[in-house]
Amino acid sequence: MPRELRDVVFVDGVRTPFGKAGGMYAETRADDLVIKCIRELLRRNASLPAERIDDVAIAATTQTGDQGLTIGRTAALLAGLPKTVPGFAVDRMCAGAMTAVTTTASGIAFGAYDVVIAGGVEHMGHHPMGEGVDPNPRIISEKLVDPSALVMGQTAENLHDRFPGITKERADAYAAASQRKLAKAYADNAIQPDLVPIATRSTEEGWGLATVDEPPRPDTTVEALAQLRTPFRPHGRVTAGNSAGLNDGATACLLSSEEVAKELGLTPKMRLVAYSFVGVEPEVMGEGPIPATEKVLAQAGLTMDDIGLIEINEAFAVQVLAFCDHFGLREDDPRLNPYGGAIAVGHPLASSGVRLMLQLAREFEDRPDVRYGLTTLCVGIGMGGSVVWENPHWQGAA
């Protein structure tokens, strides 16, 4: 007999403060970052018996060393979950954590799971992007993709070529605004509630405690950004200032069916509406959020006018601006990344999808006038992912 799909809710989410590669987490293991997130989710949701967790899905782009060995399972064991709780690893590059969420959410909707933990980690200080990768030579020799597709900064320059109206000046202005918005969010205590303090160790300074993000540069100005070099192309437009950095960090969230959340006394922060992943030309991977969002809006029967909040990952400013231009949004649209984005806070690859979600969940609490929100990001090798969420605090729900 056909199954009736169940509603899936985002119960809670946390993350570590994000660090700079080679910075405060230089002597911290990647799996320990995930473990702290899992433990914090259990601490914050004390009515959830650990044995009710049905699976743990953790994403990592470079699945080796301290973020290898089926990290969803090993992190679950090390976090103290019962040995009966299984786990697995996910890789969709920048959309790893997003895919961990959508995959396990589908299992909840189908009835295979009641409660899951999903998240991601990337320790780019230990494992630079592309470490140990051996691309099949046919990719280049048979011209399946342009060689620039394998270098993310070059794909951003390609996107500038495709959208000549997106100048370096526009990209720099957007980047500076992201820094300002994050600084304001910190001043308003909008970021800190979801951060898990992490004990750190430094050869020079001994033990410390990471309680805030390391990458932000709140004093960034457009004038300063204009002086940065363009490493991917002479006289190019992509710089370290209008791109996300190389970062370390982890995220995790708790998902369940809506009825099980009610049974266990858990308070949902978001309700899943629809999700979509698409492929695009790898050499302009930054276009990915555009068709992914078009597809997910069609699935949900919505338009961009229905979306009251947008959390888009800022891998590169040009990628966000291309999205804005396509959908007719001003880059200072108040719906867009109101707490700032990855250019300011950092982008530890596979972890970022859940960072977008917990930030949207926090914004939903502040905005009961908003019914629907979007989380979306571009993905290396030419993909995009988008998820539409509904606000359970929406004042029109009654």
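To be clear, the structure that these remarks concern was listed above.
Residues numbered from 1 in each chain as written. Predicted model: local features only at pLDDT ≥ 70, side-chain atom pairs only at ≥ 80, totals over all residues. Heavy atoms only, no water.

Considerations on the overall build of the chain
Worth spelling out the cut-off: Secondary structure counts use DSSP, requiring at least four H or I residues in a row for a helix and at least two E residues in a row for a strand, with both numbered from the N terminus. Radius of gyration here is computed from C-alpha atoms only, and the compact-globule reference equals 2.2 Å multiplied by the residue count raised to the power 0.38. Only the protein chains shown count as cover for residues, and all accessible areas are computed by the Shrake-Rupley method using a 1.4 Å probe. Within this scheme the basic residues Lys and Arg register as positive and the acidic residues Asp and Glu register as negative, but His and the chain ends are omitted. Lys charges are placed at NZ, Arg charges at CZ, Asp charges at CG and Glu charges at CD.
When helices and strands are counted, the chain shows twelve helices and twelve strands. In summary, the chain has a C-alpha radius of gyration of 20 Å against a globular reference of 21 Å for 398 residues, a match within 12%. Along the first, second and third principal axes, the C-alpha atoms of the chain reach 60 × 50 × 50 Å. Carbon and sulfur atoms form 53% of the exposed surface of the chain, whose accessible area is close to 16000 Å². Between the mean site of the 36 positive side-chain charges and the mean site of the 51 negative ones, the chain shows a separation of 1 Å.

Focus on the pattern of salt bridges
As a reminder, the rule being used: The term salt bridge refers to a side-chain nitrogen of Lys or Arg lying within 4 Å of a carboxyl oxygen of Asp or Glu.
Overall, the coordinates contain 30 salt bridges when judged by the stated rule. Three or more residues joined by partner-sharing salt bridges are found here, namely D12, R44, D194, K269, R362 and E365.

Things to note about the environment of A50
Our working definition: Should any heavy atoms of two residues lie within 4.5 Å, those residues are counted as being in contact.
Take A50: it is sitting in the loop between α1 (30-44) and β3 (55-59). Each C-alpha atom, one on A50 and one on V260, is 14 Å from the other, the two residues being 210 residues apart in sequence. Filtering out sequence-adjacent residues up to four positions away, A50 remains in contact with L81, P82 and V85.

Description of the side chain of D55
So the rule is basically this: A 3.5 Å cut-off defines polar contacts: any pair of N or O atoms within that distance qualifies, except that in protein one atom must be a possible hydrogen donor and the other a possible acceptor, and neighbouring residues in sequence count only when both atoms are side-chain atoms.
You can see D55 is positioned in strand β3. At a separation of 3.3 Å, a polar atom in the side chain of D55 contacts the main-chain amide nitrogen of G87. At 2.7 Å, the side chain of D55 and the side chain of Y113 are in polar contact.

Quick notes on the layout of surface pockets
Defined as follows: Whether a set of points on the 1 Å grid over the protein atoms alone is a cavity depends on a 1.4 Å probe fitting there but being unable to get out, while an open set qualifies as a pocket with protein on both sides within 12 Å along at least five of seven lines; lining residues are those with an atom within 4 Å of a point. Grid points are joined across faces, edges and corners, and a volume is the space filled by probe spheres set on the points. Side-chain classes follow a simple rule in which Ala, Val, Leu, Ile, Met, Phe, Trp, Tyr, Cys and Pro form the nonpolar group, Asp, Glu, Lys and Arg form the charged group, and the remainder, Gly included, forms the polar group.
Estimated volume of the largest pocket: approximately 980 Å³. Taken together, 39 residues form the lining of the largest pocket, with M93, M129, G130, L150 and M152 sitting closest to its centre. Class assignment of the residues belonging to the lining of the largest pocket gives a composition of 26 nonpolar, eleven polar and two charged. Estimated volume of the second largest pocket: approximately 220 Å³. Taken together, E27, T28, R29, D32, I35, K36, R39, I198, A199, T200, R201 and W207 make up the full set of residues lining the second largest pocket.

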